[in-house]
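# Architecture and fold: a report
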Amino acid sequence: MEFYEAVNKRHTSREWLDKDVDFEVIKRILDAGNKAPTWDHNRNWQYIILRTEEEKAYAFEYAKRFAFKFDAERYLNAPRPYPITLGQKMYGYAVPRQYTMLSTAPYVIIPVFRSKKLNGETVSKLNPFATIWCVIENIFLAAAAEGLSCSMRIPLNEKHDIVKEKLKVPPTYMIPVFIGIGYPDPKETILEQYHPNVEEQLHFGRWK
Ligand SMILES: Cc1cc2nc3c(=O)[nH]c(=O)nc-3n(C[C@H](O)[C@H](O)[C@H](O)COP(=O)(O)O)c2cc1C
């Protein structure tokens, strides 16, 4: 698939076809992740792969509770002093799927990157985190090029350490995201998104 076609095709999916994914394809996608730029030249991230229902249920027990206790109807229909935003519509759609978008995906990939603790004092101190997000975006685009799609969930606050402990990730690594990969269900609703106009984002020489 041509590069811009993959870029334009990529979108977050939260519903899957009941169709197996060849593990050779997953390896190709992760190898595309490994081609990402890296801040320290070491490329020492690793991937944890979850395949079985038991593995996913064990890892994401907390996400299940979070998703199932959320009342989407109430949230979406709550009285607001302004019309509901696209972001709020997305939140109302996505939250109830935070568990199933991972548990029903044929594969969950958990990239882990070398860092004991995040230090956001300066932008450059976040280089390890920035690097793993380059890896993640390569994975998303490679999945799109393979006709697959991804869901993503960020470990919420202290849940990061809980999942890390459950999966026996060494203390020197952190988890940036949980990625579900599968064939997207073409019947899934695609919510409207904001698409900035690049012409309006340009500042030549300086901001103003
Ligand atoms: C940093 C980051 C965090 C995100 N966290 C979540 C998440 O926790 N759960 C979720 O369902 N989607 C999450 N998303 C996906 C966004 O909802 C999605 O990318 C956005 O709505 C744009 O849609 P698109 O990916 O289909 O273009 C996240 C995306 C990013 C970049």
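Relevant structure appears above.
Rules used in this analysis
- Residues numbered from 1 in each chain as written.
- Predicted model: local features only at pLDDT ≥ 70, side-chain atom pairs only at ≥ 80, totals over all residues.
- Helix = DSSP H or I, 4+ residues; strand = E, 2+ residues; numbered from the N terminus.
- Rg over C-alpha atoms; globule rule 2.2 N^0.38 Å.
- Buried ≥ 20, exposed ≤ 12 C-beta atoms within 10 Å, placed from the backbone.
- Near = placed C-beta within 6 Å.
- Nonpolar A, V, L, I, M, F, W, Y, C, P; charged D, E, K, R; others polar.
- Pairing = 2+ DSSP bridges.
- Core = buried A, V, L, I, M, F, W, Y, C linked by C-beta atoms within 7 Å.
- Contact = placed C-beta atoms within 7 Å.

Our focus in this paragraph is the overall build of the chain. Along the backbone of the chain there are 9 helices and 5 strands. Going from the N terminus to the C terminus, the chain shows its helices and strands as α-α-β-α-α-α-α-α-β-α-β-α-β-β. The C-alpha radius of gyration of the chain comes to 18 Å, within 12% of the 17 Å expected for a compact globule of 208 residues. Its C-alpha atoms put the chain at 55 × 50 × 40 Å along the principal axes. Looking at the 208 residues of the chain, the share that counts as buried comes to 27%.

Taken together, H11, T12, M90, A94, Q98, M152, R153, I154 and Q193 form the complete shell of residues around the ligand. Of all the elements in the fold, those that place two or more residues in the shell around the ligand are α6 (86-94) and β3 (149-153). In the shell around the ligand, the residues fall into 4 nonpolar, 4 polar and 1 charged.

When you tally the buried positions in strand β2 (residues 107-114), you get 7 out of 8 residues, the bulk of the element. Pairing of strand β1 (residues 46-50) with β2, which is carried by 5 bridges, proceeds in the antiparallel orientation. Bridging from a neighbouring strand, I49 pairs with I109 of β2. In this structure, β2 lies alongside strand β5 (residues 178-182), joined through 3 bridges in antiparallel fashion.

Side chains of a nonpolar character, in soluble globular proteins, are inclined to be buried together. Counting 37 residues, the largest nonpolar core has L102, V108, I139, A143 and I181 as its most contacted members. Looking at this core, the elements with two or more residues in it are α2 (23-33), α4 (61-68), α7 (100-103), β2, α8 (127-145) and β5. For this core, the element with the most residues is α8, which contributes 9 residues. Aside from chain neighbours lying at most four places away, what touches I139 is I29, L30, A32, G33, I109 and I179.

Of all the 5 residues making up β3, 4 are buried; the element is thus mostly covered by neighbouring parts of the structure. Strand direction decides the pairing type here: β3 and β5, joined by 5 bridges, are antiparallel. Bridging across to β5, R153 finds its partner in F178.

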